[in-house]
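What follows is the residue order along each chain.
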Amino acid sequence: MITVQTDIGDSIERAQYALVPSHKFSFSPALHEADRLLGRDWEHLEPDPYMADGGLYRFRRYGLFQLSASSGHLTHIPGRSFYQSTKINPLNGGDHRHFAPLAEDTIENPFLRELILFDLAQLTSKKHIEDDWLIGVHQIRILATNGVQGNPTPEGIHRDDETFTAQHLFARHNISGGVNHFYGSGRKPTRRPKAVWKQESYFDSIYFDRSQWHSVSPIASDKGDGYRDVLLIDFVESSKVH
Ligand SMILES: [Fe+2]
């Protein structure tokens, strides 16, 4: 079981984002082994071949799930691409991107499956939504090498197209930077960020909805390789997908 000592749904309702440090979460011992195994996946991601800036610093895997509102069943949908419009992502949008799939073990990982349901329950705790959900799971590593930065959000300040997004830090090693910035939910981003937070510890987590402008600063490493590993889970109601 996963529990959290803060009302994420309330923060989403009031501010459209929530910053939740790792010490607020608790995992039951039964999930520890699955959690450990999931963390090892980041050693086996594949290069992102769609980087329009020519960057070789992003590694990832992607999978899509469907959650049935009537049965509560979470089903993996194999072979799906990931699409963003150029409006949402001027840099890399406009193409169906076929990323390396999640590993078979990952699709069945009990910690991942419980986390998907947990995150959605937090995000929708203040809403009544009777719809199936399409859920994208992205395992992403941004690499920084000697003198070469990695950029977690090469598209700059942007909004995501999905109804809700959860992002959990899995690892941060030998880097500076990688700071989250939030710029409000108006028609345009605020001139100055409304919130700034660097995730440092395993499972420091952020949640936000589609209205929230956000970016993450580049990462750099002075000595050898460094990296920032995150798990992104995005949620959109099936009826809003065309
Ligand atoms: Fe984003």
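Just above, that's the structure.
To keep things clear, this report deals only with the structure shown in the data block. All figures in this text were calculated on a predicted structure; none of them were measured in a lab.

1. Structural notes on the coordination of the iron ion
Part 1: With distances of 2.1 to 2.2 Å, the protein atoms coordinating the iron ion are His158 (NE2), Asp160 (OD) and His214 (NE2).
Part 2: Read in sequence order, the donor residues for the iron ion give the motif H-x1-D-x53-H. Of the two residues, aspartate 160 sits in the loop between β9 (133–144) and β10 (164–173) while histidine 214 sits in strand β15 (residues 214–216), which places them 54 residues apart along the sequence.
Part 3: Relative accessible area serves as the criterion here: at 13%, aspartate 160 is assigned to the buried category.
Part 4: Using a relative accessible area of 7% as the deciding quantity, one classes histidine 214 as buried.

2. Brief notes about the sheet that holds strand β12 (residues 179–182)
Part 1: What the three strands build is an open sheet, ordered β13-β12-β15; its pairing is antiparallel. The outermost strands of the open sheet, each flanked by one partner alone, are β13 (195–198) and β15. Across the sheet, the axes of successive neighbouring strands diverge by a mean angle of 15 degrees, strand direction being ignored.
Part 2: Of the strand pairs in this sheet, β12 and β15 are connected by three bridges, and their pairing is antiparallel. The residue of β15 that forms the bridge with phenylalanine 182 is histidine 214.

Cut-offs applied
- Residues numbered from 1 in each chain as written.
- Predicted model: local features only at pLDDT ≥ 70, side-chain atom pairs only at ≥ 80, totals over all residues.
- Heavy atoms only, no water.
- Donors = N, O, S within 2.8 Å, 3.2 Å for Na, K, Ca; no water.
- Helix = DSSP H or I, 4+ residues; strand = E, 2+ residues; numbered from the N terminus.
- Buried < 20%, exposed > 50% of the residue type's maximum accessible area, 1.4 Å probe, protein only.
- Pairing = 2+ DSSP bridges.
- Axes fitted to C-alpha atoms, helices over the stretch in contact; angles between N-to-C directions.

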